[in-house]
Amino acid sequence: MTAPSSISTIQLAADRLRSGGVVAFPTETVYGLGADALNTDAVDLVFTLKGRPRNNPLIVHVSGPEMARRVASAWPKRAEMLARAFWPGPLSILVPRSLALPASVTGGGELVAVRCPNHPVTLALLFEFRGPIIGPSANKSGMISPTTAAHVRESFIDDDVMVLEGGACEAGIESTVVDVMSTRTRVLRPGLIGADELSAAIGEPVDVYAPMGNIRTGDSLRPGDAFPSPGMLERHYAPATPAFMFASNDWERLLATSDPVVVITHRLRRVEAPHRIIAMPPEAADYAAALYAALHEADRSGAPVILIEQPPEDGTVWAAVADRLRRATTRMP
Ligand code: TXA
Ligand code: MG
């Protein structure tokens with residue numbers, strides 16, 4: 001593994017942020033594309049570099065609750081309890097935005113997502129910079145999220161982006177996004193921290209907003225209400241190569257095809273050339289950590305089609321993996 005960026009490199013990165021530049025940084029989930037959250041032009045540059053729709057809000061990374069309050073106009077008790085329980089960690093909390101924050105950060109919306117990432121390089125960057133840093137995942141909009149510095153460099157090879165090195169991301173999928181401002185707290189993007197853990201930390205029930213527009217429990221959202229998180233609707237996290245999910249009992253039928261395919265599977269499988277296998281770990285957390293690297297590898301393999309064997313969906317982590325796989329793939333006809 002490449003050594004993590006040194007403190008002097010991190011200081012240079014902080015200078016770069018101060019002068020309105022862009023710095024990609026490692027976190028425990030995925031790499032982020034960072035800029036000064038309070039600098040309108042720098043925020044604009046990140047939207048442009050990513051090719052991100054302007055109505056899709058950005059997460060603001062902070063060193064802890066105190067910095068979070070600088071970009072928030074209120075800091076509800078639920079936010080404080082969740083921050084205490086899970087920060088630094090893979091949890092983004094939606095709170096009312098402060099007017100000090102450029103409106104573009106929240107896509108014009110009233111709420112801002114704040115998160116304190118659990119990675120020594122980026123915590124050091126936040127302390128050196130002494131201010132909030134926006135950080136969407138460091139990939140071009142709609143493509144696979146990066147879990148190594150090399151993934152980031154590949155995507156922004158032609159752009160003026162400094163990339164901090166922090167090794168492969170441990171968690172591997174993006175943070176849980178939780179809205180503490182509606183009547184009942186609700187998860188808008190599933191991640192490694194599940195509704196049960198959130199609920200235990202705040203001592204109240206927590207709903208899970210189902211990906212395609214229905215709420216699974218509770219009644220805080222009715223059909224026809226504005227979708228609370230624009231980024232949650234799109235096809236996303238997707239390789240450029242067409243990717244399909246298949247059920248285990250379709251294995252024989254699929255491999256009968258003579259067109260070369262690359263298969264991502266968590267089971268012990270064998271294929272004949274020209275097919276190829278990318279073997280995934282059978283445990284949920286390990287699978288999540290390996291997921292985006294596998295998608296990147298499959299995408300680069302040259303095979304015209306990627307097949308992904310459907311993993312289990314039970315439990316928080318598998319559910320978060322299933323969410324990402326649904327967005328990365330097209331259903332088998
Ligand atoms: O783990 C992560 O969250 C990573 C690392 C770099 O921290 N960041 C990340 O950012 O995944 P991004 O921009 O790729 O995804 C942020 C998601 C989007 O789906 C966006 O729509 C949602 O969070 N989001 C951000 N701010 C929001 C807001 N104010 N209201 C509703 N949804 C928001
Ligand atoms: Mg993203």
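Residues numbered from 1 in each chain as written. Chains lettered and ligands numbered in written order. Predicted model: local features only at pLDDT ≥ 70, side-chain atom pairs only at ≥ 80, totals over all residues. Heavy atoms only, no water.

> Quick question: what am I supposed to make of the pattern of salt bridges here?
Any two side chains of opposite charge can pair, given that their charged atoms come close. Applying the stated criterion across every chain yields a total of 19 salt bridges. Across the pair Asp 179 and Arg 186 runs a salt bridge, and its minimum N-O distance is 3.0 Å. With a relative accessible area of 3%, Asp 179 lands in the buried category. Its salt-bridge partner being Glu 297, residue Arg 276 comes within 2.8 Å of it at the nearest N-O pair. Of this pair, Arg 276 sits in strand 13 (residues 276–279) while Glu 297 sits in helix 9 (residues 284–300), placing them 21 residues apart in sequence. (Salt bridge = Lys/Arg side-chain N within 4 Å of Asp/Glu carboxyl O. Buried < 20%, exposed > 50% of the residue type's maximum accessible area, 1.4 Å probe, protein only. Helix = DSSP H or I, 4+ residues; strand = E, 2+ residues; numbered from the N terminus.)

> Please clarify how unusual backbone geometry should be interpreted in this entry.
Where the residue is not glycine, phi is negative for most of them; where a peptide bond is considered, it is trans in most cases. Pro 88 follows Trp 87 through a cis peptide bond whose omega is -10 degrees. Assignment of secondary structure puts Pro 88 in the loop between helix 4 (77–86) and strand 4 (91–96). Following Ala 273, the chain continues into Pro 274 via a peptide bond in cis, with omega recorded as 10 degrees. Inspection of the secondary structure puts Pro 274 in the loop between strand 12 (261–265) and strand 13. Phi angles above zero are rare outside glycine, and Arg 130 is one such case at about 60 degrees. Structurally, the position occupied by Arg 130 is in the loop between helix 5 (120–129) and strand 6 (133–134). Given the relative accessible area of 63%, Arg 130 is considered exposed.

> Help me out: how do you make sense of the confidence of the model for the protein chain in this one?
Any segment with low pLDDT has predicted coordinates that should not be analysed in fine detail. Averaged over all residues, the pLDDT of the protein chain is 91; the fraction at 70 or higher stands at 90%. Across residues 213–226 the pLDDT falls below 50, and counting only partners more than four positions away or on other chains, this stretch makes 22 contacts in the model. (pLDDT = per-residue confidence, 0-100. Contact = heavy atoms within 4.5 Å.)

> Any chance you could explain the sheet that holds strand 3 (residues 59–61) here in plain terms?
Hydrogen bonds along the backbone pair up the strands of a sheet, which may run parallel or antiparallel. Pairing in this open sheet of 10 strands is mixed, and the strands run 7-1-2-6-3-5-4-8-9-10 from one edge to the other. Two strands lie at the open edges of the sheet, namely strand 7 (161–163) and strand 10 (206–208), each paired on one side alone. Of the strand pairs in this sheet, strand 4 and strand 5 (residues 111–115) are connected by 4 bridges, and their pairing is antiparallel. What sits directly across from Ile 93, in strand 5, is Val 114. (Pairing = 2+ DSSP bridges.)

> Explain the environment of Arg 270 to me, please; I cannot follow it from the model alone.
Mapped onto the elements, Arg 270 comes out in the loop between strand 12 and strand 13. For the pair Arg 270 and Val 152, spaced 118 residues apart in sequence, the C-alpha to C-alpha distance is 32 Å.

> Would you mind showing me how to read the pairing of strand 14 (residues 305–309) here?
A large share of strand 14 lies buried, amounting to 4 of its 5 residues. In terms of strand pairing, strand 11 (residues 243–246) meets strand 14 through 4 bridges, oriented parallel. Within strand 14, the position partnered with Ala 243 by the bridge is Ile 306. Relative to strand 14, strand 12 runs parallel, the two being bridged by 4 bridges. Looking at the pairing, Ile 264 lines up with Ile 308 of strand 14.

> Even after reading the chapter, I still don't get the pairing of strand 2 (residues 32–36), so can you show me in this structure?
For a regular strand, the rule is simple: side chains alternate between the two faces of the sheet. Most of strand 2 is tucked away, with 5 of its 5 residues classed as buried. Pairing geometry for strand 1 (residues 22–25) and strand 2, over 3 bridges, is antiparallel. Its bridge partner lying in strand 2, Phe 25 is registered against Gly 32. With antiparallel pairing between neighbouring strands as the criterion, strand 1 and strand 2 make up a hairpin whose turn holds 6 residues. Across 2 bridges, the pairing between strand 2 and strand 6 is antiparallel.

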